[in-house]
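# Coordinates in review
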Amino acid sequence: MDGEKMVKSARNKTIDFDLAHAPAGVVAKIKTADDDLSTRSAVLDQSINGDSFAVLPQLPDRLADLALVDPPYNLNKQYDELNFKHLADVDYQDFTQRWVDALKPKLTPTASLYVFSDWQTSIAIAPILAQNFIIKNRITWQREKGRGAKTNWKNGLEDIWFLTLNAKKYTFNVDQVKQRRQVIAPYRENGQAKDWQETAAGRFRDTMPSNFWDDISIPYWSMPENTGHPTQKPEKLLAKTILASSNPGDLILDPFAGAGSSLVTAKKLGRHYVGIEQSKLYTAWGIYRLMRADHDQSIQGYQDGVFWERNTGALQRANKRHK
Ligand SMILES: C[S@@+](CC[C@H](N)C(=O)[O-])C[C@H]1O[C@@H](n2cnc3c(N)ncnc32)[C@H](O)[C@@H]1O
């Protein structure tokens, strides 16, 4: 391949432009720590390129109704020009306490947070989260994809910590995050469907959401949301957190915004957002996605106000046709 350029398949939708080839208008929208970030109107619906530890103190207090926090896990990982190195547990705890201290004043008193981690990182951060917030739940995301290991079980799970500032006063819209499942054994009473619906597209039951999420895949190359970011979160996953724990018009803050997945999902669901990301390139990818969300508010796997199981694209299309 010397001197040759790899040609992407036409079906590969990955957003991976470099800054010199960013689509028109993208780079001009990037905010930095040099901008005025001191008022709500100055930062509303903005993506800020900078170090969160420097940027968060510049934001107004009591800004956000929900924080989605997806920090580097305690692993060796390259994030554009940042080489994050695995730390001793105490040092990772110190890193966690530092972002907690910077973030907490920026939350409203009834705000919620979701904090993402893998199982090893969770062991270190759980006591820090417990000291600073009310732990409401630990969600297990069965993400399917993972690298096989010869001497250990493949890691196919992630933890999502659901936290609040107030034990009783917080938003939780359980009816907006129901999961639509196909009914395998349709039970009838007096000839009537019991707890399920017969539709032209099939037989379904809308079930209450649990803390085990097995309906969400990691974004891959043929999905329009996919970018070159090494650890991008799926919009479907973020949609669950946003719909459950915020209301339309609320503001969502993401201090480790990566390729902007939470910001884009917030916009698609009618929420405001503020994102902070140290990489200018990832910030640009996120802004490009935000611009595209002006024309396309779809979230793969979320349709008709419910979350669909994996690999049910054909059923979802049939459901849409029969509406
Ligand atoms: C796990 S990734 C987040 C991915 C994001 N949720 C997404 O879906 O694209 C963590 C991100 O934090 C960024 N980061 C690490 N340290 C940071 C800091 N001090 N300030 C701002 N961003 C930082 C990394 O560049 C990386 O993009």
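Residues numbered from 1 in each chain as written. Predicted model: local features only at pLDDT ≥ 70, side-chain atom pairs only at ≥ 80, totals over all residues.

## Topic: the site of the ligand
Around the ligand there are 21 residues in total, and Ser-52, Tyr-79, Phe-256, Gly-258 and Ser-261 lie nearest to it. Among the elements of the structure, helix H2 (52-55) and strand E16 (272-277) are those that each provide at least two residues to the shell around the ligand. (Near = placed C-beta within 6 Å. Helix = DSSP H or I, 4+ residues; strand = E, 2+ residues; numbered from the N terminus.)

## A closer look at the UniProt feature "domain: DNA methylase N-4/N-6" (unreviewed entry) in the protein chain
The residues that UniProt annotates with the feature "domain: DNA methylase N-4/N-6" (unreviewed entry) are residues 65-282. Across residues 65-282 one finds 23% helix and 31% strand; the C-alpha atoms that close the span lie 24 Å apart. (UniProt positions renumbered as here; feature names shortened; annotations may be inferred.)

## Observations concerning the sheet that holds strand E12 (residues 197-199)
Pairing is mixed in the open sheet, where 5 strands are placed in the order E12-E13-E9-E18-E17. Looking at strand neighbours, the two that pair on one side only are E12 and strand E17 (302-303), the edges of this open sheet. Where E12 lies against strand E13 (residues 202-207), 3 bridges are found, and the strand directions are antiparallel. In the strand pairing of E13, Gln-197 is matched with Phe-204. (Pairing = 2+ DSSP bridges.)

## Some remarks on the environment of Arg-289
Considering the arrangement of structural elements, one finds Arg-289 in helix H7 (residues 280-292). You can call Arg-289 buried: it has 25 C-beta atoms within 10 Å. Taking the C-alpha atoms as reference points, Arg-289 and Arg-98, 191 residues apart in sequence, are found 30 Å from one another. Other than its neighbours up to four places away in sequence, Arg-289 contacts Ile-15, Gly-260 and Val-264. (Buried ≥ 20, exposed ≤ 12 C-beta atoms within 10 Å, placed from the backbone. Contact = placed C-beta atoms within 7 Å.)

## Quick word on the packing of helix H3 (residues 89-103) against helix H4 (residues 119-132)
In contact at an axis separation of 9 Å, H3 and H4 are set at 30 degrees when each is read in the N-to-C sense. In the crossing of H3 with H4, the sense of the turn from one axis to the other is right-handed. Every residue of H4 that contacts H3 at Asp-89, Tyr-92, Gln-93, Thr-96, Gln-97 and Val-100 is listed here: Ala-124, Ile-125, Ile-128 and Asn-132. (Axes fitted to C-alpha atoms, helices over the stretch in contact; angles between N-to-C directions. Left-handed = near helix turned anticlockwise from the far one by under 90°.)

## Quick word on the pairing of strand E2 (residues 46-49)
With 2 bridges joining them, strand E1 (residues 31-32) and E2 adopt parallel strand pairing. Paired with Thr-32 across the strands is Asn-49, a residue of E2. In the sheet, E2 pairs with E16 via 4 bridges, with the strands oriented parallel. Bridging from a neighbouring strand, Gln-46 pairs with Val-274 of E16.

## Remarks on the sheet that holds E1
Taken in spatial order, the 9 strands make up an open sheet running E1-E2-E16-E15-E3-E6-E8-E7-E14, and their pairing is mixed. At either end of the open sheet lies a strand with only one pairing partner, and these are E1 and strand E14 (212-213). Alignment of strand E7 (residues 134-142) against E14, held across 2 bridges, turns out to be parallel. Along E14, the bridge assignment pairs Thr-140 with Phe-212. Against the sheet, H4 touches strand E6 (107-117), E7 and strand E8 (157-164), its axis set at about 10 degrees to E8.

## Things to note about H4
With 14 residues, H4 ought to run about 20 Å at 1.5 Å a step, and its terminal C-alpha atoms sit 20 Å apart, in line with that. Of all the bends in H4, the greatest reaches close to 45 degrees and is centred on Ile-125; the proline Pro-127 follows between one and four positions later. Turning to H4, its buried residues are Thr-121, Ile-125 and Leu-129. (Expected span 1.5 Å × (residues − 1). Bend = angle between axes of the 7 residues up to and from the residue.)

## Side note on the pairing of strand E15 (residues 251-254)
Neither face of E15 is exposed, since Leu-251 and Leu-253 on one face and Ile-252 and Asp-254 on the opposite face are all buried. For strand E3 (residues 64-69) and E15, the ladder comprises 2 bridges, and the chain directions are parallel. What sits directly across from Leu-66, in E15, is Ile-252. Bridge count between E15 and E16: 4 bridges; the pairing is parallel. From the neighbouring strand, Asp-254 faces E16, where its bridge partner is Gly-275. As for the winding sense of the linkage, the β-α-β connection from E15 through helix H6 (residues 261-268) to E16 is right-handed. (Right-handed = clockwise from strand over helix to strand, strands pointing away.)

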